[in-house]
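Spelled out from the first residue to the last, the chains are:
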Amino acid sequence: MRNYKLLIEYDGTQYFGWQRQPGHDTIQGKLESVLGRMCDRETEVIGAGRTDAGVHAKGMVANVFLETDKNCEEIRDYLNEYLPESIAVKEVREASARFHARYNATGKTYRYTCFDGKVKPVFDRKFCAVLKQRPDLDAMRQVALLLEGQHDFRNFCVNPRMKKSTVRHLDKVEIQREGAYLYFFFHGTGFLQNMVRIMVGVLLEVGYGHMNAEQVRAALDNEDRQKAGPTAPAQGLCLMEVDYA
């Protein structure tokens, strides 16, 4: 059997996230179903991360061990022929037997998209969060600097029973505006469940004047979960890229 590295993009709107779940459509489940049919045996697709229900990806990486006579292009083409239109495999490459999409990842880039224009974005509605008012960009950028570096992001995780370490390192948080679109970029070594969406929620609360820098510092100092802000909707979030050494 050979190990293959897959580069995948998907519209996560109709899926219950990446991870396989009985009785639900998931990205991992769809990939394993098609590959299982191709190889006539069960397969396990290992993703670089587990995106939540409704979250999208342009650069998800996965690996899978396959026994097949097909070359990389033929595997890619077979997948794209039988996968739903909302999932595409952009590239298939043979990898070393030791390559593991999750354990070997050194960083990830997420983008969160908001829209605050006066006319609703009909064709982008599934890929952005529509804001009711325009937030203060400068205020958000100043507070975004507080999130950079190594912190305990316990208050930025949706799982209150998280037993593993909640310390994460964020290399960069950037906020850009292009017309009525607002883009939040996060790059770090790893992210907790809903961490990016909660950070966006916090920054938007700052932009609306409902939170200030001191409150964000308090959230980072592990005070009550209520110190963090609301969780931004899933549809605005997209995994853009996974880094490997």
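1. Points about the overall build of the protein
Here's step 1: Per the secondary structure count, the protein includes 5 helices and 10 strands.
Here's step 2: Projected onto its principal axes, the C-alpha positions of the protein cover 60 × 40 × 35 Å.
Here's step 3: Evaluated residue by residue, the protein yields a buried proportion of 49% over its 245 residues.
Here's step 4: Considering only residue pairs separated by 6 or more positions, the protein has 72% of its internal contacts joining residues 24 or more positions apart.
Here's step 5: Looking at the protein, you have 34 positive and 33 negative side-chain charges, and the mean spots of the two groups are 3 Å apart.

2. Focus on the packing of aromatic side chains
The geometry of an aromatic ring pair comes down to the distance between the two centres and the angle between the two planes.
Here's step 1: Applying the stated criterion to the full structure yields 8 aromatic pairs.
Here's step 2: A centroid spacing of 5.6 Å and a plane angle of 75 degrees characterise the contact between Phe153 and Phe156, whose relative ring orientation is edge-to-face.
Here's step 3: With a centroid separation of 6.5 Å and 35 degrees between ring planes, the pair formed by Tyr183 and Phe185 is classed as tilted.
Here's step 4: Judged by relative accessible area, Tyr183 falls into the buried class, the value being 15%.

3. Topic: the environment of Phe99
Here's step 1: Tracing the sequence through the fold places Phe99 in the loop between strand S4 (87–95) and strand S5 (105–115).
Here's step 2: Residue classification places Phe99 among the buried positions, given a relative accessible area of 13%.
Here's step 3: In this structure, the C-alpha to C-alpha distance between Phe99 and Val122, residues 23 residues apart in sequence, is 41 Å.

4. What about the pairing of strand S8 (residues 167–178)?
Here's step 1: When strand S7 (residues 149–152) meets S8, the two strands line up antiparallel, connected through 4 bridges. In the strand pairing of S8, Asp152 is matched with Val167.

5. Some thoughts on the layout of surface pockets
To find leftover empty space, a probe the size of one water molecule is rolled over the atoms.
Here's step 1: In this model, the largest pocket occupies a volume close to 1000 Å³.
Here's step 2: The wall of the largest pocket is formed by 31 residues, among which Gly49, Arg50, Phe191, Leu192 and Gln193 lie closest to the centre.
Here's step 3: Contributing elements (two or more residues each) for the lining of the largest pocket: S5 and helix H4 (195–207).
Here's step 4: Classifying every residue of the lining of the largest pocket by side-chain character gives 13 nonpolar, 11 polar and 7 charged.
Here's step 5: A volume near 280 Å³ is recorded for the second largest pocket.
Here's step 6: If you go around the second largest pocket, you meet 16 residues; those closest to its centre are His56, Lys58, Arg111, Phe127 and Cys238.
Here's step 7: For the lining of the second largest pocket, the secondary structure elements donating two or more residues are strand S1 (2–10), strand S3 (56–66), S5, strand S9 (181–188) and strand S10 (237–244).

6. Regarding the packing of helix H3 (residues 137–147) against H4
Here's step 1: In contact at an axis separation of 8 Å, H3 and H4 are set at 140 degrees when each is read in the N-to-C sense. For the element pair H3 / H4, the angle class is oblique. Classified by chirality, the crossing of H4 by H3 is right-handed. Facing Ala139, Met140, Val143, Ala144 and Leu147 of H3, the residues of H4 in contact are Met199, Leu203, Leu204, Val206 and Gly207.
Here's step 2: Residues belonging to the contact of H3 with H4 are distributed by class as follows: 9 nonpolar, 1 polar and no charged.

7. A word on the state of the cysteines
Here's step 1: Under the counting rule described, the total for this entry stands at 0 disulfides.
Here's step 2: Free cysteine Cys72: the closest other cysteine sulfur is in Cys39, separated by 13 Å.
Here's step 3: Free of any disulfide, Cys238 has its nearest neighbouring cysteine sulfur in Cys128, separated by 12 Å.

8. Topic: the packing of H3 against helix H5 (residues 213–220)
Here's step 1: Their axes nearest at 10 Å, the elements H3 and H5 cross at an angle of 20 degrees. Taken together, the axes of H3 and H5 lie roughly parallel to each other. For the element pair H3 and H5, the recorded crossing hand is right-handed. Packed against H3, whose contacting residues are Val143, Leu146 and Leu147, the element H5 presents Ala213, Val216, Arg217 and Leu220 at the interface.

9. Regarding the pattern of salt bridges
Here's step 1: Counted under the stated rule, the structure contains 12 salt bridges.
Here's step 2: For Arg2, the salt bridge goes to Glu94, with nearest N and O atoms at 3.9 Å. In this pair, Arg2 sits in strand S1 while Glu94 sits in strand S4, placing the two residues 92 residues apart along the sequence.
Here's step 3: A relative accessible area of 49% places Arg2 in the partly exposed class.
Here's step 4: Put simply, Asp25 and Lys30 hold a salt bridge, and the shortest N to O gap is 3.6 Å.

Rules used throughout
- Residues numbered from 1 in each chain as written.
- Predicted model: local features only at pLDDT ≥ 70, side-chain atom pairs only at ≥ 80, totals over all residues.
- Heavy atoms only, no water.
- Helix = DSSP H or I, 4+ residues; strand = E, 2+ residues; numbered from the N terminus.
- Buried < 20%, exposed > 50% of the residue type's maximum accessible area, 1.4 Å probe, protein only.
- Contact = heavy atoms within 4.5 Å.
- Lys, Arg positive; Asp, Glu negative; His and termini not counted.
- Charge placed at Lys NZ, Arg CZ, Asp CG, Glu CD.
- Phe/Tyr/Trp six-rings, centres within 6.5 Å; stacked < 30°, edge-to-face > 60°.
- Pairing = 2+ DSSP bridges.
- 1 Å grid on protein atoms, 1.4 Å probe; cavity = no way out; pocket = protein on both sides within 12 Å on 5 of 7 lines; lining within 4 Å.
- Points joined across faces, edges and corners; volume = space filled by probe spheres on them.
- Nonpolar A, V, L, I, M, F, W, Y, C, P; charged D, E, K, R; others polar.
- Axes fitted to C-alpha atoms, helices over the stretch in contact; angles between N-to-C directions.
- Parallel < 35°, antiparallel > 145°, perpendicular 65-115°, else oblique.
- Left-handed = near helix turned anticlockwise from the far one by under 90°.
- Disulfide = S-S within 2.5 Å.
- Salt bridge = Lys/Arg side-chain N within 4 Å of Asp/Glu carboxyl O.

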